[in-house]
Amino acid sequence: MFGGQKFVEAHAYPFPILFDEERKVSKAYGVYNMFGIDAFRIAHPAVFYISSQGRILWVGVSPSQSETASTSKVLQTIEAVGKY
């Protein structure tokens, strides 16, 4: 099992978190990076806030592997958008 998945399971978050080991979802959402200066066969760091109805409410995609959305920004966004 992937280390990140163990971490998520240990914290029992009240929402699903995707582990895209086959890269199907990252390709479908356009964040898969086959080859780049700072990446090879990996997705750009990204956060998608999706409603329970499947509507995308917010997207944060980093331009490189070294940049990610801050936890505080993600949490602020969740609070601002609300539960839809």
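These remarks concern the structure in this document. Keep in mind it's a predicted model, so treat the numbers as computed, not measured.

Let's talk about the overall build of the protein chain
Part 1: Secondary structure summary: the protein chain contains three helices and four strands in total.
Part 2: Shown N-terminal to C-terminal, the secondary structure of the protein chain runs as helices and strands in the order α-α-β-β-β-β-α.
Part 3: Scored against the burial criterion, the 84 residues of the protein chain give a buried share of 21%.
Part 4: Considering only contacts within the protein chain whose residues lie at least 6 apart along the sequence, 20% involve residues at least 24 apart.
Part 5: Here the protein chain has roughly 6500 Å² of accessible surface; of this, 59% comes from carbon and sulfur atoms.

Notes on the environment of H11
Part 1: Its location among the elements puts H11 in helix α1 (residues 3–11).
Part 2: Reaching out from H11, the side chain makes a polar contact with the backbone oxygen of F7 at a distance of 2.8 Å.

Looking at the side chain of S26
Part 1: One can find S26 in helix α2 (residues 24–28).
Part 2: Taking relative accessible area as the criterion, S26 reaches 8% and is therefore assigned buried.
Part 3: Reaching out from S26, the side chain makes a polar contact with the backbone oxygen of R23 at a distance of 3.2 Å.
Part 4: In contact with S26, other than residues within four places in its own chain, are D20, V31, Y32 and A43.

A short note on the pairing of strand β3 (residues 46–50)
Part 1: Two strands pair when backbone bridges link them, and β3 and strand β4 (residues 56–61) are joined in this way by five bridges, in the antiparallel orientation. Looking at the pairing, F48 lines up with V59 of β4.

Basis of the calculations
- In this convention, every chain numbers its residues from 1, walking through the sequence in written order.
- Restriction of local features to residues with pLDDT of at least 70 applies here, the model being predicted, together with a cutoff of 80 or more for giving and counting side-chain atom pairs; totals for whole chains, interfaces and linings are based on all residues.
- As a rule here, side-chain values come from all non-hydrogen atoms in the structure, and water together with hydrogens is ignored.
- Secondary structure elements follow DSSP: runs of H or I of four or more residues count as helices, runs of E of two or more count as strands, with numbering from the N terminus.
- A simple rule labels every residue: compare its accessible area, found with a 1.4 Å probe on the protein chains alone, to the largest value its type can have, and call it buried under 20%, exposed over 50%, or partly exposed in between.
- In this description, contact between two residues means that some pair of their heavy atoms is separated by no more than 4.5 Å.
- Surface accessibility follows the Shrake-Rupley procedure with a 1.4 Å probe radius. Residue values consider only the protein chains on display as shielding.
- In protein, a polar contact means a hydrogen-donor-capable atom and an acceptor-capable atom, both N or O and within 3.5 Å, with residues adjacent in sequence counting only if both atoms are side-chain atoms; elsewhere, any N or O pair within 3.5 Å suffices.
- Strand pairing is defined by DSSP finding a minimum of two bridges between the two strands.

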